[in-house]
Amino acid sequence: MYMSGPFQALLDAHEGFDESLLQHQEAMVRGDLKSARDLIAELQAELHAHIRHEEERLLPLLEERGGWGRIGEPRYYREEHAKIQATVAALVEATNGLDTSDPSLHRDIALLIGREQSFRSLLEHHDERERKGLFPDLARVTTPEEQAGLLGKP
Ligand SMILES: [Fe+2]
Ligand SMILES: [Fe+2]
């Protein structure tokens, strides 16, 4: 299990995603839909950038060098990324669709928060796969110089 090392910054980002999702939920509970919408849109943008970095910089190198274990098949990361992006897009849409003049507003918010719980589980599962697979696998097949390059700006 990958707990610390050269790719720690990417794991810290995963924790940031969960925190942003919770802040978005808190805003909905307060009835502050403007903040709730801004926060989920920011989360979508952050996830997009994080996934792009993994798919364009990290995965090609791993795919080229090989050596992954059973849980670390590169296509699993790509499949989960597609699912994460589709789900967060649907949540952005649902949040934008909340209507303060609708008598069912509070129930709609409760149901949306319930729906978001499975998104949290998906992110948690993906974090675990990258901790157990991607980061230790990459650390094994790269030099410290390459690792520094993988984290920096292109
Ligand atoms: Fe990640
Ligand atoms: Fe990822």
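Just so it is clear, the model here is predicted, and its values are computed rather than measured. (Residues numbered from 1 in each chain as written. Chains lettered and ligands numbered in written order. Predicted model: local features only at pLDDT ≥ 70, side-chain atom pairs only at ≥ 80, totals over all residues. Heavy atoms only, no water.)

1. Brief notes about the coordination of the iron ion (ligand 2)
Think of it this way: four donors in a tetrahedron around the metal ideally sit 109.5 degrees apart, and six in an octahedron ideally sit 90 or 180 degrees apart.
Reasoning step 1: Distances from the iron ion (ligand 2) to its protein donors, namely Glu54 (OE), His81 (NE2), His126 (NE2) and Glu130 (OE), fall within the range 1.9 to 2.2 Å.
Reasoning step 2: Donor residues for the iron ion (ligand 2) sit on one chain with the sequence pattern E-x26-H-x44-H-x3-E.
Reasoning step 3: Between the iron ion (ligand 2) and the iron ion (ligand 1), a separation of 3.2 Å is found, and both are coordinated by Glu54. One end of the pair, His81, is in helix H3 (residues 74–96); the other, Glu130, is in helix H4 (residues 105–141), with 49 residues separating them in the sequence. Taken individually, His81 and Glu130 each receive the classification buried, so the pair is uniform in this respect. (Donors = N, O, S within 2.8 Å, 3.2 Å for Na, K, Ca; no water. Helix = DSSP H or I, 4+ residues; strand = E, 2+ residues; numbered from the N terminus. Buried < 20%, exposed > 50% of the residue type's maximum accessible area, 1.4 Å probe, protein only.)

2. Structural notes on the packing of aromatic side chains
Reasoning step 1: Scanning the model with the defined rule gives 1 aromatic pair in all.
Reasoning step 2: Their ring planes at 25° and their centres at 5.6 Å tell us that Phe7 and Phe135 sit as a pair that is stacked. Linking Phe7 in the segment before helix H1 (8–30) with Phe135 in helix H4, this pair joins segments that are 128 residues apart in sequence.
Reasoning step 3: Look at Phe7 and you get buried, because its relative accessible area is 0%. (Phe/Tyr/Trp six-rings, centres within 6.5 Å; stacked < 30°, edge-to-face > 60°.)

3. What to know about the nonpolar core
Reasoning step 1: Formed by 22 residues in total, the largest nonpolar core has its most connected members in Leu43, Leu47, Ile84, Leu98 and Phe119.
Reasoning step 2: Contributions of two or more residues to this core are made by H1, helix H2 (33–65), H3 and H4.
Reasoning step 3: In terms of residue count, H2 provides more of this core than any other element does, 7 residues in total.
Reasoning step 4: Once residues lying within four places of it in the same chain are set aside, the contact partners of Ile84 are Leu47, Ile51, Phe119, Leu122, Leu123 and His126.
Reasoning step 5: Counting 12 residues, the second-largest nonpolar core is a separate cluster that includes Leu11, Leu61, Tyr77 and Leu150. (Core = buried A, V, L, I, M, F, W, Y, C linked by side-chain atoms within 4.5 Å. Contact = heavy atoms within 4.5 Å.)

4. Let's talk about the coordination of the iron ion (ligand 1)
Reasoning step 1: The coordination sphere of the iron ion (ligand 1) contains the protein donors His14 (NE2), His50 (NE2), Glu54 (OE) and Glu130 (OE), at a distance range of 2.0 to 2.2 Å.
Reasoning step 2: Note that the iron ion (ligand 1) binds 4 donor atoms; their angles at the metal cover 84 to 173°, and the shape is irregular.
Reasoning step 3: Written as a sequence motif, the donor arrangement for the iron ion (ligand 1) is H-x35-H-x3-E-x75-E. (Tetrahedral: all angles 85-135°; square planar, octahedral: opposite > 155°, others 65-115°.)

5. Here's the deal with the side chain of Glu130
Reasoning step 1: The charged side chain of Glu130 is buried without a salt bridge, its nearest counter-charge being Arg129 at 8.0 Å.
Reasoning step 2: Within the local environment of Glu130, its side chain forms a polar contact with the side chain of His14, the two groups lying 3.0 Å apart.
Reasoning step 3: Side chain to side chain, Glu130 and His126 meet in a polar contact 2.7 Å long.
Reasoning step 4: Those residues in contact with Glu130 that sit more than four places away from it in its chain are His14, His50, Glu54, Tyr77, His81, Phe135 and Pro136. (Lys, Arg positive; Asp, Glu negative; His and termini not counted. Salt bridge = Lys/Arg side-chain N within 4 Å of Asp/Glu carboxyl O. Polar contact = N/O pair within 3.5 Å; in protein donor to acceptor, adjacent residues only side chain to side chain.)

6. Here's the deal with the pattern of salt bridges
Reasoning step 1: This structure, assessed with the given rule, holds 13 salt bridges.
Reasoning step 2: The salt bridge involving Glu146 is made with Arg65; its shortest N-O contact spans 2.8 Å. Here Arg65 lies in helix H2 and Glu146 lies in helix H5 (residues 144–151), a separation of 81 residues in the sequence.
Reasoning step 3: Take Glu146: its relative accessible area is 27%, and that puts it in the partly exposed class.
Reasoning step 4: The network of salt bridges with common partners includes Glu55, Glu63 and Arg78.

7. Looking at the environment of Asp18
Reasoning step 1: Within the secondary structure, Asp18 sits in helix H1.
Reasoning step 2: On the basis of relative accessible area, Asp18 is assigned to the partly exposed category, the value being 27%.

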